[in-house]
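Topology and contacts: notes
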Amino acid sequence: MPGLMSCRSEMEAEKPLKGAKITGSLHMTIQTAVLIETLKSLGADIRWCSCNIFSTQDHAAAAIAQSNSASVFAWKAETLEEYWWCVNEALTWYDEAGYPNPNEGPNLIVDDGGDATLLIHEGVEWENNYEVNKKLPNPDDTDNLEMKEVYRVLAKELEKNPKKWQTIANNVYGVSEETTTGVHRLYTMAENNKLLFPALNVNDSVTKSKFDNLYGCKHSLPDGIMRATDVMLAGKEVLVFGYGDVGKGCAFSLKAAGCRVNIAEIDPICALQAAMEGLTVCRKEDVLSTCDIFVTATGNKDIIMVEDMVKMKNNAIVCNIGHFDNEIDIGGLENFPGIIKENIKPQNDRWIFPDGHGVLVLAEGRLVNLGCATGHPSFVMSCSFTNQTVAQVELWKNKNTDKYRNEVYVLPKKLDEKVAHLHLNHLNARLTRLTDEQALYIKVPKDGPFKPNHYRY
Ligand code: NAD
Ligand code: RBV
């Protein structure tokens, strides 16, 4: 991970994160372990949990715990109750006497999908209500299985310390968010004046979304499908929902593997891009009964419903690579009269309908690349996590300035270009230098930034 190694050699001596207490909520993989070690080498104290019940690589979590790089609360195949217990533990810091004390930390958050940020914000809202009406959150008040667990955690914590989340929100100098879905949540909170601390949008660094989301998924989607099923991809007909950065990566690798690729899109620009790449743009109802593999990559909800799976052919493979588990209607499958769930192996279930045909659902509708394989490889995560490291240093450096308000910011293009630069040598790539005359002619500084902010890559 050349970007992270050069962050270390550049900043290790200076320890720019000295005093920072970082809580991270991001897949506990070997790549994340190197991010944690990097933040530690820059001076931070760290508590960590995963942001997905299936994505932890237990050997990575164990190595981080054993080396005292961080306190880590994550293991592969958590229940939802365990998952939210882990998020709460990662956010709960202790004083020297061993008591939980929100004044101790965290003061920075690394988030992926926004669950750590959500727990803090929900916590503050419930504490404010509690002050007025002494009402505790009640899991029976929501049908959402995740929110039931959030309410359970918040009710317990409110009884222990009714100021916990307000203290944390006051102490946090900012969050750096990893993924598209988490960033959407942050912009919504900022628009509604609900965001309680500044947020750096790591996803929209070009060296993140145009690399990790695209090339990362290009690698790890087929890896997940093949490890889960051993299916021959060549010749299969597939439908990819969403042709954004993730959908593009998925479609490219499936096409390269010999699949016949269909795309479902709502956005005419993305749909036209797909068509110009030679892919078929269609609606799901056009190909439900002919496709062998279905991949959701929209970040939206209710993409493949149980009524759709009823119409699929026997042993169609259904999986999701967007962040959350709401693209595929798992609840609908569970409640379908007469359905039988046959577990083929961990993270691969065959749901058999009463007519005898079945569909193979991978990772229970959660991220297939992290649930059934090991997520993106190190080189591309080095780009993403160099942005994360730079973002954490930036937030900590500015903790006593008014540079960042409670809004969402992207890192400057110069830093984005630097992240790319750090990875070029590793690929034996030699960059061309502008002459003085050329720089003057196209009005670009010789050392960058090389593009205006509106350039789209
Ligand atoms: P994006 O916004 O670039 O792409 C999503 C696309 O889905 C858009 O083009 C949108 O028009 C389309 N879409 C929305 N609703 C749709 C619907 N009902 N039917 C068809 N298309 C629809 O976002 P992205 O960066 O590609 O990310 C997509 C999801 O993947 C997000 O949830 C993100 O957090 C997640 N993600 C996962 C990984 C991973 O490793 N698994 C990596 C990066 C991002
Ligand atoms: N992702 N992490 C890994 N190997 O640690 N693989 C993918 C890894 C991240 C990726 O950055 C994406 O935005 C996020 O997972 C979705 O949760």
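Here goes a summary of the coordinates provided. Since the model is a prediction, treat every value here as computed from it, not as a measurement. (Residues numbered from 1 in each chain as written. Chains lettered and ligands numbered in written order. Predicted model: local features only at pLDDT ≥ 70, side-chain atom pairs only at ≥ 80, totals over all residues.)

Some thoughts on the overall build of the protein
The number of helices and strands found in the protein is 18 helices and 15 strands. Here the C-alpha radius of gyration of the protein, 23 Å, is about what a compact globule of 457 residues would show, namely 23 Å. Overall size of the protein, expressed as C-alpha extent along the three principal axes, is 70 × 65 × 40 Å. Counting only residues that meet the buried cut, the protein has 48% of its 457 residues in that class. Here the analysis covers contacts within the protein between residues at least 6 apart in sequence; of these, 74% occur between residues at least 24 apart. (Helix = DSSP H or I, 4+ residues; strand = E, 2+ residues; numbered from the N terminus. Rg over C-alpha atoms; globule rule 2.2 N^0.38 Å. Buried ≥ 20, exposed ≤ 12 C-beta atoms within 10 Å, placed from the backbone. Contact = placed C-beta atoms within 7 Å.)

Concerning the site of ligand 2
Taken together, the neighbourhood of ligand 2 is formed by 16 residues, with Thr 29, Gln 31, Thr 179, Gly 375 and His 376 sitting nearest. Every element with two or more residues in the shell around ligand 2 is listed here: α2 (30-41), α9 (206-229) and α16 (378-397). Looking at the shell around ligand 2, its residues break down into 2 nonpolar, 11 polar and 3 charged. No fewer than three residues from each of domain 1 (2-207 + 376-419) and domain 2 (215-371) sit in the shell around ligand 2. (Near = placed C-beta within 6 Å. Nonpolar A, V, L, I, M, F, W, Y, C, P; charged D, E, K, R; others polar. Domains from an automatic or database assignment.)

A closer look at the nonpolar core
Among the nonpolar cores identified, the biggest contains 121 residues, and Val 240, Cys 250, Val 295, Val 318 and Ile 321 are the most heavily contacted of them. With 9 residues, α16 is the largest single contributor of residues to this core. Two domains share this core, each providing at least three of its residues, namely domain 1 (2-207 + 376-419) and domain 2 (215-371). Here Val 240 is in contact with Gly 247, Cys 250, Ala 251, Val 261, Ile 263, Val 295 and Ala 297, once residues within four sequence places are set aside. (Core = buried A, V, L, I, M, F, W, Y, C linked by C-beta atoms within 7 Å.)

What to know about the site of ligand 1
In the vicinity of ligand 1, 31 residues are found, and the nearest of them are Gly 242, Gly 244, Val 246, Gly 299 and His 323. For the shell around ligand 1, the secondary-structure elements that each account for two or more residues are α8 (180-191), α9 and α10 (245-256). The element best represented in the shell around ligand 1 is α9, accounting for 5 residues. Here the shell around ligand 1 is built from residues that sort into 11 nonpolar, 16 polar and 4 charged.

Some words on the packing of α2 against α16
Packing of α2 against α16 leaves a shortest axis separation of 10 Å and a crossing angle of 30°. One element, α2, and the other, α16, form an angle in the roughly parallel class. In this structure, α2 crosses over α16, and the sense of that crossing is right-handed. Between α2 and α16, the residues in contact are Gln 31, Leu 35, Thr 38 and Leu 39 and Ser 378, Met 381, Phe 385, Gln 388, Thr 389 and Gln 392, respectively. Looking at side-chain class alone, the contact of α2 with α16 contains 4 nonpolar, 6 polar and no charged residues. (Axes fitted to C-alpha atoms, helices over the stretch in contact; angles between N-to-C directions. Parallel < 35°, antiparallel > 145°, perpendicular 65-115°, else oblique. Left-handed = near helix turned anticlockwise from the far one by under 90°.)

Concerning unusual backbone geometry
Cis geometry marks the peptide bond from Gly 105 to Pro 106, where omega comes out at 0°. Along the chain, the position of Pro 106 falls in the loop between α4 (80-91) and β4 (108-111). Cis geometry marks the peptide bond from Gly 448 to Pro 449, where omega comes out at 0°. Among the structural elements, Pro 449 can be located in the segment after α18 (436-442). In the Ramachandran plot, Asp 302 falls in the positive-phi region, its phi being about 55° despite a non-glycine side chain. Tracing the sequence through the fold places Asp 302 in the loop between β10 (293-296) and α13 (306-311). Judged by C-beta crowding, with 11 C-beta atoms within 10 Å, Asp 302 ranks as exposed. The backbone of Asn 428 sits at a positive phi, close to 55°, despite the residue not being glycine. Here Asn 428 shows up in the loop between α17 (413-424) and α18.

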